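Next come the chains, spelled out residue by residue.
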Amino acid sequence: MKNKEESSVHSGRGNPSSPAQRYLPAGRRDETTGSLSRPGRTATARTEPPALSLLPETLMEAVVDSTNIERAWKNVKANRGAPGPDGITITAFPNWLRPHWSEIRQQLLDGTYRPGPVRRKTIAKPDGGQRMLGIPNVLDRLIQQAIVQVLTPIFDPHFSESSFGFRPKRSAHGAAKQVQRTIRRGHRYAADIDLSKFFDRVQHDVLMSRVARRVRDPMLLRLIGRYLRAGVMVDGVLQPTDVGTPQGGPLSPILSNILLDDLDKELERRCLPFVRYADDFAVFAKSERSAERIMTSVSRFLTDTLRLVVNQEKSHVVPSEEFEFLGFAFPKSRATIHVAKKSLLRFKHRIRELTGRSWGISMERRLSELRSYLRGWMGYFGLAAQLKLFDRLDQWIRRRTRMCYWKQWRRPRKRRRELIRLGVPRRQAIRHARSRKSYWHMSKTIASGVGLTNAWLVEQGLISIKTLWATLAPLRRTA
């Protein structure tokens, strides 16, 4: 959903030479790119957004335009993902699509296409709850992504500047920085309002009425409605979906932004400072009493106008020093961005899993998994201005890694040989190799410090989050 592209669709369906008629028939796959194009044709990747110059009644033509579909496929393929209920994988999909695309395209233009149900998958939430995902078939992910690429340039320019979730060139980092700026302007209290199971409780009529404000193509509106009502497969049984927009498909995020844009406009009308990332949002005030009034009135608006459910147990007014948003905390008067305590606990839990002594894998694979996780974690939390914290975490991770090596060597003879090879004096290596003390204790001995040095661990592939933090300085320039 990141990049947008222009499709110049100005002619009717009957003109086979128009861009809207460039479908993707059966053909030999481009093994290097996984392209869906027919042999002998090159699908040119354009960079400008689609549909801005289109009349409302041509939007369905823009959705099925070959260039739009080709770019949608690149996004779906890059996101990978599991197969839907039909079992077709990302790898097998191009060969399946080519003989069927002409018929599917015509069904989309005629308004007769019926989306398949989604596959229900439940994942654990950090707070201990369960999040229900709906995994569509790859074909429906492709069509949804094509719809998103047409809808985004129509809706996104009208979204609020305080909305950061699932939008081009916006991210959680921008939301965290705006929270920081808002607190620094003196808004020391936050009305943190939680929407109970937002994606599962969206009312279809409320949502579609807001989509129809800017989309007047009946074919496209009907198709979006069918995706909302496609149903979900649970243990092989089809269950209807009368409410909600299942998480897991490309269409769900933009639909959530379209619905909650009414909330954004209402807050802007009241001149209230706020930050929203998808269904996570907070409204700020300069006093606790004002924040309490804001929470009451905003909750009433969400319930009465948008027909959403506010989780009263999790919604509360908090001082800015105690406020956490998107995994970040904002302590002290300057609202310096820190890693929230819950995020830090989850990080340590994951590191313990990756460096667990009972995980019977090679150190090469262990370090590979560790590198991947640390890079991803620091790519997000590198925004935090906590050099000392990251230095302490580095020391802890190195010690746990040494512990893994010590456990892997196991026998005294192996330990002695490895320590001597790493430069530890023979007598000292023998004494430590015979030690009966715990792995955790031995990971901090002189032998480990001399033999398994920081530089040696780097040579083996262990990366430093402190070093990663230093390379991410551009993230923190305006924080």
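As the structure is a computational prediction, the values presented were derived from the model and not from experiment. (Residues numbered from 1 in each chain as written. Predicted model: local features only at pLDDT ≥ 70, side-chain atom pairs only at ≥ 80, totals over all residues. Heavy atoms only, no water.)

What to know about the pattern of salt bridges
Here's step 1: Within this structure, the stated rule accounts for 15 salt bridges.
Here's step 2: One salt bridge in this structure joins E353 and R350, with 2.9 Å as the shortest N-O distance. Taken together, the positions of E353 and R350, both in helix α12 (residues 341-354) and three residues apart, correspond to about one turn of that helix.
Here's step 3: Residue class for E353 comes out partly exposed when judged on its relative accessible area of 39%.
Here's step 4: A salt bridge links R421 to E418; the nearest nitrogen and oxygen atoms lie 2.6 Å apart. On the criterion of helical spacing, the pair formed by R421 and E418 is a turn pair, its members being three residues apart in helix α15 (residues 412-421).
Here's step 5: With relative accessibility at 10%, the residue E418 sits in the buried group. (Salt bridge = Lys/Arg side-chain N within 4 Å of Asp/Glu carboxyl O. Helix = DSSP H or I, 4+ residues; strand = E, 2+ residues; numbered from the N terminus. Buried < 20%, exposed > 50% of the residue type's maximum accessible area, 1.4 Å probe, protein only.)

Description of the sheet that holds strand β3 (residues 189-193)
Here's step 1: Across the sheet, which stays open at both edges, the four strands sit in the order β6-β7-β3-β8 with antiparallel pairing between neighbours. Each edge of the open sheet carries a strand with a single partner, namely β6 (274-277) and β8 (316-319). If you compare each strand with its neighbour and ignore which way they point, the axes differ by 20° on average.
Here's step 2: Bridging between β3 and strand β7 (residues 280-285) involves five bridges; their strand directions are antiparallel. Bridge assignment links I193 to a residue of β7, and that residue is F281.
Here's step 3: Relative to the sheet, helix α10 (residues 251-269) contacts β6 and β7, its axis offset from that of β6 by approximately 175°.
Here's step 4: Against the sheet, helix α11 (residues 288-304) makes contact with β3, β7 and β8, and its axis sits at roughly 25° relative to β3, the strand it touches most. (Pairing = 2+ DSSP bridges. Axes fitted to C-alpha atoms, helices over the stretch in contact; angles between N-to-C directions. Contact = heavy atoms within 4.5 Å.)

Comments concerning the nonpolar core
Here's step 1: One finds I147 and L302 to be the most contacted residues of the largest nonpolar core, which totals 70 residues.
Here's step 2: A total of 11 residues in this core trace back to one element, the largest contributor, which is helix α5 (residues 138-155).
Here's step 3: Not counting residues up to four positions away in its chain, the partners in contact with L302 are I193, L195, L263, F281, R307, L308 and V310.
Here's step 4: In this structure, A172, V318, I337 and A447 belong to the second largest nonpolar core, which totals 57 residues. (Core = buried A, V, L, I, M, F, W, Y, C linked by side-chain atoms within 4.5 Å.)

Quick notes on the sheet that holds strand β11 (residues 338-339)
Here's step 1: Taken in spatial order, the three strands make up an open sheet running β9-β10-β11, and their pairing is antiparallel. For this open sheet the edge positions go to β9 (324-325) and β11, each flanked by a neighbour on one side alone.
Here's step 2: Judged from the two bridges that link them, β9 and strand β10 (residues 328-329) form a sheet pairing that is antiparallel. The residue of β10 that forms the bridge with E324 is A329.

As for α10
Here's step 1: Taking 1.5 Å per residue as the helical rise, α10 with its 19 residues ought to reach 27 Å, and the 28 Å between its terminal C-alpha atoms agrees with that figure.
Here's step 2: Its maximal kink placed at L260, α10 deviates by approximately 35°.
Here's step 3: Of all 19 residues in α10, 16 are buried; the element is thus mostly enclosed. (Expected span 1.5 Å × (residues − 1). Bend = angle between axes of the 7 residues up to and from the residue.)

Thoughts on the packing of helix α13 (residues 363-381) against helix α14 (residues 387-409)
Here's step 1: Across the interface, α13 lies against α14 with an axial gap of 12 Å and an inter-helix angle of 170°. In terms of orientation, α13 lies roughly antiparallel with respect to α14. In this structure, α13 crosses over α14, and the sense of that crossing is right-handed. Across the interface between the two elements, M363, R366, L367, L370, L374, W377, M378 and F381 from α13 touch F390, L393, I397, T401, C404, Y405 and Q408 from α14.
Here's step 2: For the contact of α13 with α14, a count of residues per class yields 12 nonpolar, two polar and one charged. (Parallel < 35°, antiparallel > 145°, perpendicular 65-115°, else oblique. Left-handed = near helix turned anticlockwise from the far one by under 90°. Nonpolar A, V, L, I, M, F, W, Y, C, P; charged D, E, K, R; others polar.)

So, the packing of aromatic side chains
Here's step 1: Taken as a whole, this structure holds 18 aromatic pairs when the rule is applied.
Here's step 2: Ring geometry for F198 and F199: centres 5.1 Å apart, planes at 80°, overall edge-to-face.
Here's step 3: On the basis of relative accessibility, which here comes to 3%, the residue F198 falls in the buried class.
Here's step 4: For F199, a relative accessible area of 7% puts it in the buried group.
Here's step 5: An aromatic cluster is present here, built from F328, F347, Y373, W377, Y380, F381, F390 and W469 joined pairwise through their rings.
Here's step 6: The residue whose ring lies beneath R170 is F164, and the NZ or CZ to ring-centre distance is 5.0 Å. (Phe/Tyr/Trp six-rings, centres within 6.5 Å; stacked < 30°, edge-to-face > 60°. Lys NZ or Arg CZ within 6 Å of the ring centre and 35° of its normal.)

Focus: the environment of R167
Here's step 1: In this structure, R167 sits in the loop between α5 and α6 (172-184).
Here's step 2: Here R167 falls in the buried class, since its relative accessible area comes to 8%.
Here's step 3: Between the alpha carbons of R167 and P253 there is a distance of 8.9 Å; along the sequence they are 86 residues apart.
Here's step 4: Those residues in contact with R167 that lie beyond four places of it in its chain are D156, F159, S160 and N257.
Here's step 5: Among the polar contacts made by the side chain of R167, one reaches the side chain of D156 at a distance of 2.8 Å.
Here's step 6: A polar contact is formed between the side chain of R167 and the backbone oxygen of S163, at a distance of 2.9 Å. (Polar contact = N/O pair within 3.5 Å; in protein donor to acceptor, adjacent residues only side chain to side chain.)

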